[in-house]
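Here is what each chain is made of, one letter per residue.
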Amino acid sequence: IQALSYTALFNFALTYHLWGLETANDEHLVRAIKIYKVSHSIISSEGVQASSRLFMTLVCNTGHAFFAIGDHFQANKCFHVLLQAVLCIVDGGTHDEKVDEGFI
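This text gives an overview of the structure that appears in the document. (Residues numbered from 1 in each chain as written. Predicted model: local features only at pLDDT ≥ 70, side-chain atom pairs only at ≥ 80, totals over all residues. Heavy atoms only, no water.)

1. Quick notes on helix H3 (residues 52–68)
Every α-helical turn comprises 3.6 residues, leaving residues that sit three or four positions apart pointing alike.
Part 1 of the reasoning: In a regular helix each residue adds 1.5 Å, so 17 residues correspond to 24 Å; H3 covers 24 Å between its end C-alpha atoms and thus fits that length.
Part 2 of the reasoning: Taken together, the buried positions of H3 are Ser 52, Phe 55, Leu 58, Val 59, Asn 61, Thr 62, Gly 63, Ala 65 and Phe 66. (Helix = DSSP H or I, 4+ residues; strand = E, 2+ residues; numbered from the N terminus. Expected span 1.5 Å × (residues − 1). Buried < 20%, exposed > 50% of the residue type's maximum accessible area, 1.4 Å probe, protein only.)

2. Observations concerning the nonpolar core
Part 1 of the reasoning: Tyr 6, Tyr 36, Phe 55, Leu 58 and Val 59 are the most contacted members of the largest nonpolar core, which has 20 residues in total.
Part 2 of the reasoning: Contributing elements (two or more residues each) for this core: helix H1 (2–23), helix H2 (26–44), H3 and helix H4 (72–90).
Part 3 of the reasoning: Looking at this core, the element that brings in the most residues is H2, giving 6 residues.
Part 4 of the reasoning: Leave out the neighbours within four places in its chain, and Tyr 6 touches Ser 39, Ile 42, Ile 43, Leu 54 and Leu 58. (Core = buried A, V, L, I, M, F, W, Y, C linked by side-chain atoms within 4.5 Å. Contact = heavy atoms within 4.5 Å.)

Nothing here speaks to function; it is geometry throughout.
Right, dumping it as structure tokens:
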């Protein structure tokens, strides 16, 4: 159930994200960020197996939405977490739970 909830919420956030970009509406982008945060809390909870690819997509999209509303500090935080995840994978592992500390 949680994996399905994550997928539904992520797609819902993505819809608001794209709608906000197309209409230049910050309210839609802020709503997307809030939904991305809920998605993150689901994949961070115990028992939910999320691939590194899903995690990185979530972080990247959240960072992009923050950047689009002009919150460059939060955007850079997200992009830093994304870079850490990529470097961890390049080093031969999957993203470490420590990587997403400080995300959002």
